[in-house]
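# Notes for the structure review
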Amino acid sequence: MSNRKSANDRRIRYVGILGCVALILTLGSGCYSFRGSSVPPHLKTISLSPVVDNSGFGSSVYRDVCSQSLSDRLRSENALQFVDRDGDAKLSCTMSSIHDEAISVKVGEVERERKVLVSIEAEYYDAVKKRQIFKKTFTNSAVFAVATASTDRDTAIRTALQQDVDDIILAIVSGW
């Protein structure tokens, strides 16, 4: 009887400890934020150079979409104040690649979906201390149906491009 009681006591303690850990993790998860956590204190403003399109894709629309999305996100972010020029920090972006490729097609199958990849090279520069904070290439992808490629490819490119923009902004405010 005492072995059974001690085994039950251990189970109760184990479940209690797990419950406490789960509660701490749940409560703590809402307290952590990337917003402004790693932006150096001497940087107060950020400016965006015009986005350059070296993708060879042949459509300036995506350069404009990228520029607008970046400027909108920088304006809405509270980590740095967005200014038109001469910011303490400067962001320069080049769309280096937009292309699509087959996902996996087995011999004898008809291709149903393709994947579009969008790569943006971003340089984040500290104009106060005159040093590069980072220079990285961000690449994201989205899938589109081959049957409706004429419309779905555009949506997929915009989706991948927006994911790149989100990653760039996250890198700025989190100090990647």
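Keep in mind that what you see is a predicted model, and the values were worked out from it rather than measured. (Residues numbered from 1 in each chain as written. Predicted model: local features only at pLDDT ≥ 70, side-chain atom pairs only at ≥ 80, totals over all residues. Heavy atoms only, no water.)

This part covers the overall build of the chain. Of regular secondary structure, the chain possesses 3 helices and 6 strands. Helices and strands appear in the chain in the N-to-C order α-β-β-α-β-β-β-β-α. Per-residue burial over the chain gives 30% buried out of 176 residues. For the chain, long-range pairs separated by at least 24 residues make up 70% of all intrachain contacts whose partners lie at least 6 apart in sequence. Within the structure as shown, the chain displays about 10,900 Å² of accessible surface, and the carbon and sulfur contribution to it stands at 53%. (Helix = DSSP H or I, 4+ residues; strand = E, 2+ residues; numbered from the N terminus. Buried < 20%, exposed > 50% of the residue type's maximum accessible area, 1.4 Å probe, protein only. Contact = heavy atoms within 4.5 Å. Areas by Shrake-Rupley, 256 points an atom, 1.4 Å probe, with all protein chains shown as cover.)

The final tally for this structure, using the stated rule, is 3 aromatic pairs. Ring centres of Phe57 and Tyr62 lie 5.9 Å apart, and the angle between their planes is 65°; this geometry places the pair in the edge-to-face category. Note on Tyr62: relative accessible area 7%, which makes it buried. Seen from their ring centres, Phe134 and Phe138 are 6.2 Å apart, and the 70° between their planes marks the pair as edge-to-face. Considered together, Phe134 and Phe138 belong to a single accessibility category, that of buried residues. (Phe/Tyr/Trp six-rings, centres within 6.5 Å; stacked < 30°, edge-to-face > 60°.)

This next bit is on the environment of Arg153. In this fold, Arg153 is placed in helix H3 (residues 149–174). The class of Arg153 is partly exposed, set by a relative accessible area of 30%. Residues Arg153 and Val116, spaced 37 residues apart in sequence, show a C-alpha to C-alpha distance of 7.4 Å.

Of the residues in the chain, 78% have a pLDDT of 70 or more, and the chain-wide mean is 84. When mean pLDDT is compared element by element in the chain, strand S5 (residues 113–126) scores highest at 97, while helix H1 (residues 2–29) scores lowest at 52. Overall, residues 18–36 carries pLDDT values under 50, and its contacts beyond four positions in sequence, including any with other chains, amount to 8 contacts. (pLDDT = per-residue confidence, 0-100.)

Another point: the nonpolar core. Grouped together as the largest cluster of nonpolar side chains are 36 residues, with contacts concentrated most on Ile46, Leu70, Leu91, Ile168 and Ile172. Sorting the residues of this core by element identifies strand S1 (45–48), helix H2 (61–76), strand S4 (89–102), S5, strand S6 (131–145) and H3 as the ones contributing at least two each. Leave out the neighbours within four places in its chain, and Ile46 touches Leu74, Leu80, Gln81, Phe82, Val83, Gly87, Ala89, Lys90, Leu91, Tyr124 and Ile172. (Core = buried A, V, L, I, M, F, W, Y, C linked by side-chain atoms within 4.5 Å.)

Topologically, Thr94 is positioned in strand S4. Assessed through its relative accessible area of 21%, Thr94 is described here as partly exposed. Taking the C-alpha atoms as reference, Thr94 lies 9.8 Å from Ser49; in sequence the two are 45 residues apart. Ignoring sequence-local partners within four residues, the contact set of Thr94 consists of Val52, Asn54, Ser119, Ile120 and Glu121.

Glancing now at the pattern of salt bridges. A complete count under the given rule lists 10 salt bridges for this structure. The residue Arg114 makes a salt bridge to Asp100 at a minimum N-O spacing of 2.6 Å. Taken together, the residues span a long stretch of sequence, with Arg114 in strand S5 and Asp100 in strand S4 at a distance of 14 residues. Of the charged contacts in the structure, one is a salt bridge between Arg153 and Asp100, with a shortest N-O distance of 3.7 Å. Of this pair, Arg153 sits in helix H3 while Asp100 sits in strand S4; the two residues are 53 residues apart in sequence, bridging distant segments of the chain. (Salt bridge = Lys/Arg side-chain N within 4 Å of Asp/Glu carboxyl O.)

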